[in-house]
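What the coordinates show
Next come the chains, spelled out residue by residue.
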Amino acid sequence: MTRFFDILLSGLALLVLFPFMLPIIIGLKLTGEHDIFYLQERIGKGGKPFKVFKFATMMRNSANMKGGLVTLKDDPRILPMGKFLRKTKISELPQLINIFIGNMSVIGYRPFVKKHYDLYSDEVKSQINKIVPGLSGIGSVVFRDEEDILHTVEDPNNVHDNIITPYKGQLECWYVEHRNVANYFKLIFATLLVVFNPKSKAWQKWFKDLPPVPENLRKYIDL
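Counting restarts for each chain, with residues numbered from 1 along the sequence as it is written. Totals for whole chains, interfaces and linings use all residues, but because this is a predicted model, local features are given only for residues with pLDDT of at least 70 and pairs of side-chain atoms are given and counted only at 80 or more. Hydrogens are left out, water is left out, and the side-chain values use all remaining heavy atoms of the structure.

1. Some remarks on the overall build of the chain
By definition, any uninterrupted DSSP run of H or I lasting at least four residues is a helix, any uninterrupted run of E lasting at least two residues is a strand, and each is numbered from the N terminus. Along the backbone of the chain there are ten helices and four strands. N-terminal to C-terminal, the α/β element order of the chain is α-β-β-α-α-β-α-α-β-α-α-α-α-α. For a compact globule of 223 residues, the expected C-alpha radius of gyration is about 17 Å, and the chain comes in at 17 Å, within 12% of that figure. Within the span of the chain, comprising 223 residues, buried residues form 47% of the whole. Only the protein chains shown count as cover for residues, and all accessible areas are computed by the Shrake-Rupley method using a 1.4 Å probe. For the chain, the exposed area adds up to about 11700 Å²; of that, 61% sits on carbon and sulfur atoms. Here the positive residues are Lys and Arg and the negative ones are Asp and Glu; neither His nor the chain ends is included. Taken as the charge centre is NZ of Lys, CZ of Arg, CG of Asp or CD of Glu, depending on the residue. Once the 30 positive and 22 negative side-chain charges of the chain are each reduced to a mean point, those two points are 4 Å apart. We compute the radius of gyration from the C-alpha atoms alone; for a globule the expected value is 2.2 Å times N to the 0.38, where N is the number of residues. Any residue under 20% of the maximum accessible area for its type is buried, any over 50% is exposed, and the rest in between are partly exposed; the area is computed with a 1.4 Å probe on protein chains only.

Shown next as structure tokens:
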């Protein structure tokens, strides 16, 4: 059922947003390293890799520089337009192409690079492998300020790998088990709300049966 809405919404969004994306395309071509898109291999349905489309916001060799695959607030590897594109989530808009062709959905779990995908337990992998990843999802809504969180800690890699990722895995499994049209649209609206109002707590009212937030995460999540 949600596949119909994926095609409809992504197709309409590509048509409507293209005029607004054109200045971004021109700006990226004229600044930074002059790349428009960044194609990165991520893990999708069934644990199979695919290429995800994003606007270029980081230096080409950023994964091999200090910081690796974890991006912090004010990361020096971020390109001139990158901070704005990442903060507003505009950098993710090219994934509408992935949604239209079918290797992503509007709502699902965020697709990880293999190194981060492998941080999930086998139980979590077996669950999320049942569906295609999404442009947004419950994990993205709850951890809307993940870069800001990691910027405030001494060991961002440890916090990401051993504190954030396990709970995010529980959230993604929750969505797989509660996947339906109603939650699909509620998460679309929840995503829009946190983009325009990062302090929005609507998701807490709409999804009352989420896995409880672990004690070591409560100080990072605005409950």
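2. Let's talk about helix H1 (residues 2-30)
Fitting axes to the seven residues ending at a residue and to the seven starting there, one defines the bend at that residue as the angle between these axes. Largest kink in H1: about 55°, centred on Phe18, with the proline Pro19 one to four residues after it. Considered for burial, the residues of H1 that qualify are Thr2, Phe5, Asp6, Ser10, Gly11, Ala13, Met21, Ile24, Ile25, Gly27 and Leu28. For this analysis, residues touch if any pair of their heavy atoms sits within 4.5 Å. Where H1 is buried, its residues contact strand E2 (49-55), helix H2 (82-87), helix H3 (95-101), strand E3 (105-107) and helix H9 (181-196). Directly beyond the C-terminal end of H1, a positive phi value near 55° is found at Gly32.

3. Points about the nonpolar core
Take the buried residues of types Ala, Val, Leu, Ile, Met, Phe, Trp, Tyr and Cys, join any two whose side-chain atoms come within 4.5 Å, and each joined set is a nonpolar core. Counting 44 residues, the largest nonpolar core has Ile138, Val142, Phe143, Tyr167, Tyr175, Leu217 and Ile221 as its most contacted members. In terms of residue count, helix H8 (residues 156-177) provides more of this core than any other element does, nine residues in total. Those residues in contact with Val142 that sit more than four places away from it in its chain are Tyr167, Leu171, Trp203 and Ile221. Judged by nonpolar contacts, the second largest core, of seven residues, contains Met21, Ile25, Phe55 and Leu85.

4. Focus: the packing of aromatic side chains
In summary, the pairing rule links any two rings of Phe, Tyr or Trp, Trp by its six-membered ring, whose centres are within 6.5 Å, and it sorts them by plane angle into stacked for under 30 degrees, edge-to-face for over 60 and tilted for everything else. Applying the stated criterion across every chain, the model contains eight aromatic pairs. For the ring pair Phe143 and Tyr167, a centre distance of 6.2 Å and an interplane angle of 70° mean the geometry is edge-to-face. Of the two residues, Phe143 is situated in the loop between helix H6 (138-142) and helix H7 (146-151) and Tyr167 in helix H8; the sequence distance between them amounts to 24 residues. Tyr167 sits in the buried class, given a relative accessible area of 2%. An aromatic cluster of three or more residues is present, and its members are Phe4, Phe5, Tyr184 and Phe185.

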